[in-house]
Amino acid sequence: MQQKWQRWNIASRKWLWIIVVIGLLAALPVVYDRLQTEKSSKTVEFVFDYRDLVEVASYRGNPQDYISEQLDRLKSAGVQSMAIYESTLEDFRKARRLMLWGAADIANLTDTVIPENENYTYVLFTSAKNSGTLSPIIREAFAGLDIATEDWTYRGQQGLIIKTPLENATLKPLQPDPTTLEMLHEKGFNIVPRLVDSLAYNQEAVKSLLDRYAELGVKRLLFEGESVKGYSDDADLASITAFADLLKERGMGIAAIENIKVQQKGFSKLAYLLDYNVTRLYSLSEADSGLSTEVIADRFALATKDRNIRMIYLNTIPSRDTSKAQVTDTLDNLVTSLSGPDGAVAKIEANGFEMGQATAFDVVDSSFQRYFKLIAVIGAVAMVALLVSYFVPWLTLPAWVLGLLGSAGLMVLKPALFEQALALAVAISAPTVAMVLAIRKINEMGPPLRPNALTFAVMGPRRRLTHSLVLYVKTALISFSAVPFVIALLNNVTYALVLNQFRGVSLLHLAPIGLTALYVLLYRGEFAFNKTGKLLRTPITLAMVIAAGVLGILGMYYLSRTGNSGSVSSLEMSFRTFLENTVGVRPRNKEFLLAHPLFILGAFMAYKYRNAAFIMIIAVIGQLSMVDTFAHIHSPVLISLVRGLLGLGLGLIIGIIAIGVWQIAEGCWKRWSPLLKKL
């Protein structure tokens, strides 16, 4: 009975492969929908931080003239928008709209004694126009906070007394400077407001503010701080929902900032309420704004092409340059990086984008997509069951049935967990199965476990090369079979916007290596448990300990290179930039420089030398890396496909060269080793 059960499970592999193929075919329409979605947004918007510009101008002899001059330069360079914050008294002071004093300062200014029981803020406007524009804004804002204000004059200039300490008054957010908004609008800039959530949510005040922004053509907002507007009061007032309604009425969306440490609180909820009218934004930090113009231009072009970034946010900062004995900034560097035939704007447009206000993706979700995804789920579970079958054959059918039942349960109870877990499982399974089948093929055609010179003849180099190349292509196709499943399972706009992320990247980078190593060690000609017993009884030597330590260090370095936070050397960054500029899409170095050539060389050698199959343990990195590329859902599918195919092509060339070098080295060794033994 046990043998019959074993035969049933092994025979079921054929049907599981058929189910996998059907699942792949069903996933293709979902992949097509994803491609259509990615084509729907092709406009890139450059946004400059206006507060930074005012900060830099405050160190110039003629700040207003400097601001006007730099705005014209930025406009000519390709910057279409200015980010405007909710102002503070300090912002108005830096813009020279008013002057500020505390109680002690005003006592010194007026040559009087400081009051014992008054600690107020004194505001003096620098012109009658500024008084008429800003005084109502300041009064209204502080009245809403139950802080009294009163008129005050000094030497004929109009001012206000705000009955709260200076340190407190300068923290309160106010409406943006109307004069600045009008000036920027007249110069042709779009406005990108940055809102804060520091005060109690006031629907009428927010409505009035958004109405003003709508008049200026505002289409997208950013948030400053840890949360979105209305988050603090959402539990009591449902303020995020109210805020979302105001935005939808005015056709306004929001922007998601790439690579912030923690997503702003309430952002996911607001994005959902806005039907994901969200655009991804890349922010160039103040420190990075001083990088070389070539690096900045390449970084912007790469962000828009490879990561679906549609808004690029520019910052600058004044700094003291002791070598020049003056305060400098990075505005010239930014303008240069955007301008000219080698600038960011030209590179982005050459990639098929146009400059303008960024728009959100128009998500394509065909009516039959859910049914196709359901069939793809069944196919993905079949792929996982196939992986189980090559290690524990008698569990093949139970693995498939339990996989279907578990998927059904998770799909109902925790759909997000289900799609991520199954996507991870199939991403691990396909490259592992591909490598297992490659090793089985090598075992079948290569040297037997106990070689017999009378029955085994080594294949010639040309035949070994042919078999190696055919095996290389077959293995890559099986590994790529995971891609439609991963795309279908994670075809949700939340992944494209990185509001939700694919989990388990480290496991994806380790599991196929470990499973391939297990198969090479334990499943090559003998029953696995027999080999396991031998391994457990093997004495541990110092060499084994050292080897384990070296492998551990290499493993830690390998993991440090995975995911979005992986570290890269400056030399490798230069090489990546060269590839990007030469071939348009940068393949992964570990694929075409290491893993793919090792696969070809390892297979070529293993057809003659049995132990060369251990090389395949490292070669699996290339297979899993190809699948991992598509797990970056925020990257366009076509870019990921070209990257994978380019890596395979370059790896093929380097692999053939490696075989040539090996043949020469092997020939030299055969010729010269007998002479060396005589010495």
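Keep in mind it's a predicted model, so treat the numbers as computed, not measured.

1. A short note on the overall build of the protein chain
On a plain count of helices and strands, the protein chain comes out with 28 helices and 14 strands. Split into buried and exposed, the 679 residues of the protein chain put 48% on the buried side. By element, 61% of the accessible surface of the protein chain is carried by carbon and sulfur atoms, the whole surface being about 32900 Å².

2. With respect to the environment of Ile 257
Tracing the sequence through the fold places Ile 257 in strand 9 (residues 253-257). You can call Ile 257 buried: its relative accessible area is 18%. Taking the C-alpha atoms as reference points, Ile 257 and Leu 497, separated by 240 residues in sequence, lie 9.6 Å from one another. For Ile 257, the contacting residues outside a window of four places in its chain are Arg 194, Leu 222 and Leu 281.

3. Examining the packing of helix 16 (residues 369-391) against helix 20 (residues 482-489)
Between helix 16 and helix 20, whose axes approach to 10 Å, the crossing angle comes to 135 degrees. Classified by the angle their axes make, helix 16 and helix 20 are oblique. Remark: the crossing between helix 16 and helix 20 carries left-handed chirality. Only Phe 485, Ala 488 and Leu 489 of helix 20 make contact with helix 16, whose side of the interface consists of Lys 373, Ala 376, Val 377, Gly 379 and Ala 380. Of the residues belonging to the contact of helix 16 with helix 20, the class tally is 6 nonpolar, 1 polar and 1 charged.

4. Concerning the environment of Leu 518
By the element assignment, Leu 518 lies in helix 22 (residues 505-522). Since its relative accessible area comes to 34%, Leu 518 is described here as partly exposed. As for Leu 518 and Ile 617, which are separated by 99 residues in sequence, their C-alpha atoms are 9.1 Å apart. Apart from residues lying up to four places away in sequence, Leu 518 is in contact with Phe 391 and Tyr 523.

5. Some details on empty space enclosed by the protein
All chains considered together, the criterion is met by 1 cavity of 30 Å³ or more. Volume-wise, the largest cavity comes out at about 30 Å³. Around the largest cavity sit Glu 45, Ile 191, Val 192, Lys 219, Arg 220 and Gln 357, which together line it. Here the lining of the largest cavity is built from residues that sort into 2 nonpolar, 1 polar and 3 charged.

6. Some points on the sheet that holds strand 4 (residues 121-125)
As summarised here, the arrangement of the 4 strands in space is 3-4-6-5, forming an open sheet in which the pairing is antiparallel. A strand with exactly one partner marks an edge of an open sheet, and here the two such strands are strand 3 (98-101) and strand 5 (149-154). Strand after strand, the sheet turns through a mean of 25 degrees between neighbouring axes, direction not considered. The sheet contact formed by strand 5 and strand 6 (residues 157-162) spans 6 bridges and is antiparallel. The partner of Thr 153 across the bridge, within strand 6, is Gln 158. Across the sheet, helix 6 (residues 128-143) touches strand 3, strand 4, strand 5 and strand 6, and the angle it forms with strand 6 is around 10 degrees.

7. Some details on the packing of aromatic side chains
Inspection of every chain in the model, using the stated rule, returns 11 aromatic pairs. Residues Tyr 282 and Phe 300 carry aromatic rings whose centres are separated by 6.1 Å and whose planes lie at 70 degrees to one another, so their mutual orientation is edge-to-face. A residue pair is termed long-range when its members are at least 10 positions apart, and Tyr 282 in strand 10 (residues 278-284) and Phe 300 in helix 13 (residues 293-306) qualify at 18 residues. Here the aromatic residues Trp 101, Tyr 122, Trp 152 and Tyr 154 are joined through ring pairs into a cluster of three or more. Sitting over the face of the ring of Phe 189, Lys 75 holds its NZ or CZ atom 5.2 Å from the ring centroid. It is Arg 464 that lies over the ring of Phe 604; its NZ or CZ is 4.2 Å from the centre.

8. Some thoughts on the layout of surface pockets
Each pocket or cavity is described by its volume, and for the second largest pocket that value is around 610 Å³. Taken together, 27 residues make up the lining of the second largest pocket; nearest its centre are Gln 369, Lys 373, Ala 488, Asn 491 and Asn 492. For the lining of the second largest pocket, the elements supplying multiple residues, two or more each, are helix 1 (2-38), helix 16, helix 18 (415-445), helix 20 and helix 21 (493-496). Residues of the lining of the second largest pocket, tallied by class, amount to 14 nonpolar, 7 polar and 6 charged.

9. With respect to the confidence of the model for the protein chain
Taken as a whole, the protein chain shows an average pLDDT of 87; of its residues, 88% reach a score of 70 or greater. Between the elements of the protein chain, mean pLDDT differs from a low of 55, seen in helix 23 (residues 528-537), to a high of 97, seen in strand 11 (residues 311-314).

10. Side note on the pairing of strand 4
Here strand 4 lies mainly inside the structure; 5 of its 5 residues are buried. Burial of the side chains of strand 4 extends over both faces: Thr 121, Val 123 and Phe 125 are buried on one face and Tyr 122 and Leu 124 on the other. Judged from the 4 bridges that link them, strand 4 and strand 6 form a sheet pairing that is antiparallel. Each residue of the ladder has a partner; that of Thr 121, found in strand 6, is Ile 162.

11. Regarding a nonpolar patch on the surface
A grouping of Trp 15, Ile 18, Ile 22 and Ile 375 is seen on the molecular surface, where their side chains present a nonpolar patch of about 390 Å² in accessible area. For the nonpolar patch, the leading source of residues is helix 1, giving 3 residues. Note on placement: Ile 22 falls in helix 1.

Here is what the cut-offs are and how they apply
Residues numbered from 1 in each chain as written. Predicted model: local features only at pLDDT ≥ 70, side-chain atom pairs only at ≥ 80, totals over all residues. Heavy atoms only, no water. Helix = DSSP H or I, 4+ residues; strand = E, 2+ residues; numbered from the N terminus. Buried < 20%, exposed > 50% of the residue type's maximum accessible area, 1.4 Å probe, protein only. Areas by Shrake-Rupley, 256 points an atom, 1.4 Å probe, with all protein chains shown as cover. Contact = heavy atoms within 4.5 Å. Axes fitted to C-alpha atoms, helices over the stretch in contact; angles between N-to-C directions. Parallel < 35°, antiparallel > 145°, perpendicular 65-115°, else oblique. Left-handed = near helix turned anticlockwise from the far one by under 90°. Nonpolar A, V, L, I, M, F, W, Y, C, P; charged D, E, K, R; others polar. 1 Å grid on protein atoms, 1.4 Å probe; cavity = no way out; pocket = protein on both sides within 12 Å on 5 of 7 lines; lining within 4 Å. Points joined across faces, edges and corners; volume = space filled by probe spheres on them. Pairing = 2+ DSSP bridges. Phe/Tyr/Trp six-rings, centres within 6.5 Å; stacked < 30°, edge-to-face > 60°. Lys NZ or Arg CZ within 6 Å of the ring centre and 35° of its normal. pLDDT = per-residue confidence, 0-100. Patch = residues over 30% accessible without salt bridge, like charges linked within 9 Å, V, L, I, M, F, W, Y side chains within 5 Å. Salt bridge = Lys/Arg side-chain N within 4 Å of Asp/Glu carboxyl O.

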